[in-house]
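Survey of secondary and tertiary structure
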Amino acid sequence: MKSNLFLVTLLCACVPALAAPLTESTFTEIVKEVNVVAAATKAAQPGAVNQVVKAPDLVRTGPASRAELTAPDQTITRVGANTVFSFEPVGRDINLEKGSVLFHSPAGKGGGSIRSGGAAAAVLGTTLIVSSTGTGGFKVILLEGKGTVTLPNGKSTTLKAGQLVFVLPRQTDFGPVLDINLKKLVDGSQLVNGFSHPLPSLPLIRTSVNKQYDEIAKGHMEDTGMPPETFGKKSLRRGQSANGVNTIDNTSYQAALSPSVPPNQVGLLQQGELPPGFLPGSRGIVVISPK
Amino acid sequence: MKKFASILLGSFTLLAFDKTNAQIPDAAQQVDNSQQRRQRAEDAGVYLDGSSAPELYPDETSDVGPQTVLKTKPRHHLFEAMADVQYMYTDNMFLTENHHQKADLLVSTVEFALAPTPYDFAGGTLAPNIGYEHQWFDFGLADKDRVNVFQFGAGPFPPGTVKSEHLNIFDFNSQTIFTGLRWTRGNWSADIGFDFRRLLSTSDYREFYKEYVPRWGLQRGFAFGDRAALTVGYAGDYRFADPKTLTVLLGGGSITNQVNPDMRDRTDHTLFVTYNQVLCSHAVLQPYYQIKYTRFVDSAFGTRNDLLSSAGLALYWTVCRNCDVRAFVDYNARFSNNKSASEYRQFDGGLGLNVIFRF
């Protein structure tokens, strides 16, 4: 059931004007069962380290298997178990039919796109994990950096390191953006740790982990937007607007600054009488209006 | 024209159709991006602290890694200290119907409160507070205008004099002890509270007015996407007011003049609507409209009902977590069914700075 027509785009930093195409990569590590399926013949051959995989050949991994491919520009694609993917013949796209991939493109190299069925995801200069059900379900986890994920219907959401967003099969909208424990994820991820050498972006990921852990240790997490209390306090404080003269109740204000008395009625005040209907407040001083 | 009923009807009609307005605490909460996301997460219910994000397919976690959801917790605090200053221009300092006096006005506020982090209560959160606030109202800092004033004296005759004075003779300050409770659940929140306030002249700190104010309110927020929200609400109070009674001595005798009967007990009922539009990660534009009905229950001049209609626009810029600046304009119009009360129009506009710390 190919209902996965989501176009999820993760954009970070600036797009270099000219980027080398990402149409091939070399196996730099293989764990267990990894096959390369020739697009022309559909014949599957076991993959091997140093073997170059070119578009549009498929890479297919078996259970508990994984592989790492490195492009000439050092863009790294790590492939999880039970995954089927290929490079697109043009541009910098990876076609993820199902399974999971970790994608890291060094800053300034042009990033890349991760497609799922008829859809795609793109990333520039950051590290993320994308997993796909093959039936329209889609998940994006950001390991470091920031980015915005956009659906083809125009809906978008912003992610920072340690955040996750997903689209369930047969749905056309995001689920909630969730903050996840990045340290637990990184420590337990085969895509991060299941290879003989570390990711080049691991120091950046560790920085994100440490930052999140600091906030957890303090008992709170940093808000990316404006704290709610910032505006609450000044917009309506104890039942009154807090800007301008309305800072104080208008009648209380007039206890201090009463309306003026006309000059021709000052004489009454001097005789200890009040002009009819005159409300001088309680301050004991009133302004005399101009003639 | 003192056709109060028609004004009341017209104002409520305006309120019903005005889409560009007003004020409230939790409105900004609705428009904060991250808060919205978390709200959606909380609405989802199952994604609580320590739970896991849904696994899209079997064994996804083994490759991707465990996805334990974190719930953002607000930092717990007990106290709140706030300082605010706003400098503005007003075209009608004395709130008069005619002969408007222009002036610049500095309003300085400091506040300290015991305001602990809200507690979970009855399916929502309960936020108590108790504190003290002091405000200074200083007029004519830049304006050197002088005005003629009549100052009541305690006698003997003459009981008062006419003088030419600078506007700062009207400087006053306000001391308020307040306590309150706010219960919030979802987009609703309800308030009750009590204030004791007194006003003093700044020159000699002589009290001339005090009031005891039980108050209550209810409001609801409506979010429009991630960047806009509307809040509508009601706020009410009853003011047990105690103005100073001016005593005038004439000759050898004494006359106690009830010169300020309409400073006495009254009740206010305010309807407000505030719109918050997030312009960027640091700026919010906030138009508002509110209408306040005041019934004077102790008027010496017969029935008195006032209607104060206020509209304004404020632009808030968050400098950091603890500090923001703002620019604002407000327009007020008061109507009354009592001819003794001035029906005034008043405009003000200015800049403000707010600093707040919680610890």
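Remember, it's a predicted structure, so these values are computed and weren't measured experimentally. Every chain begins its residue count from 1, and numbering advances along the sequence as written. To read the labels, note that chains go from A and ligands from 1, taken in the order they are written. Per-residue local features of the predicted model are confined to residues with pLDDT of at least 70, and side-chain atom pairs are confined, for both listing and counting, to 80 or more; whole-chain, interface and lining totals are unaffected and use all residues.

Side note on the overall build of chain B
Test applied: Going along the chain from the N terminus, every DSSP run of H or I of four or more residues is numbered as a helix, and every run of E of two or more is numbered as a strand. Partly exposed residues are those falling between the two cut-offs: more than 12 but fewer than 20 other C-beta atoms within 10 Å of their own, whereas 20 or more means buried and 12 or fewer means exposed, with C-beta atoms placed from the backbone. By the convention adopted here, residues make contact when the C-beta atoms placed from their backbones lie within 7 Å.
For chain B, the count of helices and strands is four helices and 18 strands. Expressed as a percentage of the 359 residues in chain B, the buried residues total 39%. For chain B, the proportion of contacts with a sequence separation of at least 24, taken over those separated by at least 6, is 60%.

Structural notes on the overall build of chain A
The helix and strand inventory of chain A stands at six helices and 19 strands. Out of the 291 residues in chain A, the part that is buried amounts to 56%.

Description of the sheet that holds strand E7 (residues 160-166) of chain B
Heads up, the rule is: If DSSP finds at least two bridges between two strands, the strands pair. To obtain an axis, a line is fitted to C-alpha atoms, over the contacting stretch when the element is a helix, and the angle between two such axes runs from 0 to 180 degrees between their N-to-C directions.
Pairing in this open sheet of three strands is antiparallel, and the strands run E19(A)-E6(B)-E7(B) from one edge to the other. In the strand order of this sheet, the two ends are held by strand E19 (285-287) of chain A together with E7 of chain B, each with one partner. Within the sheet, the average angular offset between the axes of one strand and its neighbour, ignoring direction, is 35°. Sheet topology places E19(A) next to strand E6 (residues 146-152) of chain B; three bridges connect them, and they run antiparallel. Of the residues in E6(B), the one forming a bridge with Ile285(A) is Gln151(B).

A short note on the nonpolar core
This is how it is decided: By convention the nonpolar core is taken to be a set of buried residues drawn from Ala, Val, Leu, Ile, Met, Phe, Trp, Tyr and Cys and joined through C-beta atoms within 7 Å.
Formed by 52 residues in total, the largest nonpolar core has its most connected members in Val101(A), Leu128(A), Ile129(A), Val130(A), Val140(A), Ile141(A) and Val165(A). In this view, Ile141(A) contacts Leu128(A), Ile129(A), Leu164(A) and Val64(B); residues no more than four positions away in its chain are not counted. In terms of nonpolar packing, the next biggest core, distinct from the first, is built from 32 residues, Leu269(A), Met88(B), Met93(B) and Val149(B) among them.

Notes on the pairing of strand E2 (residues 79-90) of chain B
Residues and elements named next belong to chain B. In this sheet, strand E3 (residues 103-114) lies alongside E2 in antiparallel orientation, the contact comprising twelve bridges. Within E3, the residue paired with Met 82 across the bridge is Glu 111. By the bridge criterion, eleven bridges tie E2 to strand E18 (residues 345-358) in an arrangement that is antiparallel. When the sheet's bridge partners are listed, Val 85 is paired in E18 with Leu 353.

Here's the deal with the confidence of the model for chain A
Residue and element names in this part refer to chain A. Using the following cut-off: Known as pLDDT, the predictor's per-residue confidence is scaled from 0 to 100.
When pLDDT is averaged across chain A, the result is 77; 77% of the residues are at 70 or more. The weakest mean pLDDT in chain A belongs to helix H4 (residues 229-235) at 36; the strongest belongs to strand E7 (residues 66-70) at 95. Throughout residues 1-17 the model reports pLDDT below 50, and contacts reaching past four residues in sequence, or to other chains, amount to 63 contacts. Confidence drops under pLDDT 50 across residues 222-236; counting only partners more than four residues distant or on other chains, this segment forms 46 contacts.

Some details on the pairing of strand E9 (residues 84-87) of chain A
On a regular strand, one side chain projects to one face of the sheet and the next to the other, so that they alternate. All names here are of chain A. Here strand E6 (residues 58-61) pairs with E9 via three bridges, running antiparallel. Note on E9: the bridge partner recorded for Arg 60 is Val 84. Where E9 meets strand E10 (residues 93-104), four bridges bridge the pair, whose relative direction is antiparallel. Its bridge partner being in E10, Ser 86 is matched across the sheet by Asn 95.

So, the confidence of the model for chain B
Residues and elements named next belong to chain B. On average, chain B scores 79 in pLDDT, and the residues at 70 or more come to 76%. Element-level mean pLDDT values for chain B span from 31 in helix H2 (residues 27-31) up to 95 in E3. Taken together, the stretch residues 1-50 has pLDDT below 50 and engages in 114 contacts with residues farther than four places along the chain or on a different chain. The ipTM assigned to the predicted complex is 0.77, against a pTM of 0.62.

Brief notes about the environment of Gln190(A)
Note on placement: Gln190(A) falls in helix H2 (residues 190-193). Taking the number of C-beta atoms within 10 Å as the measure of exposure, Gln190(A) has 20 and is therefore buried. Sequence separation between Gln190(A) and Ala64(A) is 126 residues, and the spatial gap between their C-alpha atoms is 9.7 Å. In contact with Gln190(A), other than residues within four places in its own chain, are Arg66(A), Gly80(A), Ser62(B) and Asp63(B).

Topic: unusual backbone geometry
Residue Ala55(A) is joined to Pro56(A) through a cis peptide bond whose omega torsion reads 0°. Among the structural elements, Pro56(A) can be located in the loop between strand E5 (52-54) and E6. Phi at Asn50(A) takes a positive value of approximately 75°, unusual for a residue other than glycine. Here Asn50(A) shows up in the loop between strand E4 (44-46) and E5. Phi angles above zero are rare outside glycine, and His99(B) is one such case at about 50°. Note that His99(B) resides in the loop between E2 and E3. Among the residues examined, His99(B) registers 15 C-beta atoms within 10 Å and is labelled partly exposed.

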